[in-house]
Amino acid sequence: MKKEFHQENRASLCQSLAPGSLLLLFSGHAPRKTGDEDYPYFADRSFVYYTGIEQQDSILAILVDKESVQEMLFMLPPDAHAERWNGKRLSPQEAQDVSGISDFRYLTDFSAFLDKQLVSGAISTVCLDFDRKKEGEQPVRQAFILANKLRENYPYVTLSNIHNQIKAQRTIKKPCEIDAMRYAETITCEGIQAMMRASRDGMYEYQYKAEFDYALAQRGVLSPGFPSIVSAGKNNFCIHYYSYKGQAHDGDMVLNDVGACWDNEINDVSRGWPVNGKFNEKQRLLYTCAYNTSNYMFRILRPGLPMSFVDQEIRRYNFEQLKEIGVCDKFEDVGTYIWHGGAHHVGYDVHDEVDVNDGRRPLEPGMVFCVDVGIYHEEWGLGFRLEDNCLITPDGCENLSAVTPRSIEDIEAFMGKR
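A brief look at the structure comes next. The model shown is predicted, which means the values in this text are computed figures rather than measured ones. (Residues numbered from 1 in each chain as written. Predicted model: local features only at pLDDT ≥ 70, side-chain atom pairs only at ≥ 80, totals over all residues. Heavy atoms only, no water.)

Viewed as axis vectors pointing N to C, helix 8 (residues 175-198) and helix 12 (residues 408-415) meet at an angle of 60°, and their least axial separation amounts to 9 Å. In terms of orientation, helix 8 and helix 12 fall into the oblique class. Of the residues in helix 12, those touching helix 8 at Gln193, Met196 and Arg197 are Ile411, Phe414 and Met415. Residue classes in the contact of helix 8 with helix 12 are distributed as 4 nonpolar, 1 polar and 1 charged. (Axes fitted to C-alpha atoms, helices over the stretch in contact; angles between N-to-C directions. Helix = DSSP H or I, 4+ residues; strand = E, 2+ residues; numbered from the N terminus. Parallel < 35°, antiparallel > 145°, perpendicular 65-115°, else oblique. Contact = heavy atoms within 4.5 Å. Nonpolar A, V, L, I, M, F, W, Y, C, P; charged D, E, K, R; others polar.)

Unlike most non-glycine residues, Asn357 shows phi in positive territory, near 55°. Counting through the fold element by element, Asn357 comes out in the loop between helix 11 (307-324) and strand 14 (368-377). For Asp358, which is not glycine, the phi dihedral falls at a positive 55°. Tracing the chain through its elements places Asp358 in the loop between helix 11 and strand 14. Overall, Asp358 belongs to the exposed group, its relative accessible area being 71%. (Buried < 20%, exposed > 50% of the residue type's maximum accessible area, 1.4 Å probe, protein only.)

Under the defined criterion, the tally for this structure stands at 22 salt bridges. Lys174 is the salt-bridge partner of Glu8, the closest N and O atoms lying 3.4 Å from each other. Of this pair, Glu8 sits in helix 1 (residues 3-14) while Lys174 is found in the loop between helix 7 (163-171) and helix 8, placing the two residues 166 residues apart along the sequence. When its relative accessible area of 22% is taken as the criterion, Lys174 is described as partly exposed. Ionic pairing is found between Arg141 and Asp131, a salt bridge with its closest N-O pair at 2.9 Å. Of this pair, Arg141 sits in the loop between strand 7 (125-128) and helix 6 (142-153) while Asp131 sits in the loop between strand 7 and helix 6; the two residues are 10 residues apart in sequence, bridging distant segments of the chain. Several salt bridges share partner residues, and in doing so they unite Arg170, Lys173, Asp349 and Asp352 into one network. (Salt bridge = Lys/Arg side-chain N within 4 Å of Asp/Glu carboxyl O.)

From the geometry alone we can't say anything about function, so treat these as descriptive.
Here it is in structure tokens:
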């Protein structure tokens, strides 16, 4: 993303801040894994959304008063020894080129800056992103740590949670985000096709995953947008499966739930295919139900429908398909075969931080979410999902992941060329 993208995002966020506000966002840092080794660092997604910077231990500070907005970046100072071990740190000019922020300060000066602002009387509210998902979450987010210190040392300052404003902004994707998603979809397609091309009886799940990872790396994506789900046979009945130790055999279906990330935009695509490349009768029956449901959704989705409609209609229409082939008689029993929801937004996160008002918000142009149709028939030993990324357009919708083979005919034709 160009720096103008991040500048526009910050400007929009500041419009919701009252004079006398200090906004603080943190890039985070890698928690310790073991001994002297840390987990791989992954920057806070909202911090990246507003700055473009992915260097750990960085802070975005924005002061808002009646007449001006002052933006600052606090980042690690130069340290030749540390940089020799862990890589070069961004210079002030490099940080400005990425973020558009010219006021660069060292992290060592942040405590003094914060104290000066809070005792001056000019700041009445500190705005933080309180985005904790559950009690006891580890590691504890920096916003919560700082909030505890502020309550103790500056009890006269009000704390404000800006998480809802952030979610509201991230709900509608800008054209540059959609362009990045489109390109990411082509890379995901190459990875899925690599797995299809290599598929054979006796292949291990980790070998499928290796094919996907290699295809991404060859196209400049060193890590997928989220941990890949690749399973076969009975392992398909674990929705979030990360073991990769199973072995695929003729008669099994391979399930994958994967996505590349390009320019910080993540997609999420699921395909299921027979190990040997030819659908048997039961595989064909169930896959046709999912395929028909998915196609139906892409025909009807348009602006104005409530977000909750997507999941409800996937469930209803998929049930009708299952009923037609004699698998499920009553809608009350559909949970036996449909185990999870049918829609979640994608973007800077694979389950993106968005505001849909508990599903009541109408679909709008620029929203991008998954149409996820899963069928799990344990008695038949078949479980898979067909998941695509839906962009809402002014007069309908577009399947961004249609580039990846998805019909029975296209899958069999592609795998038949091996």
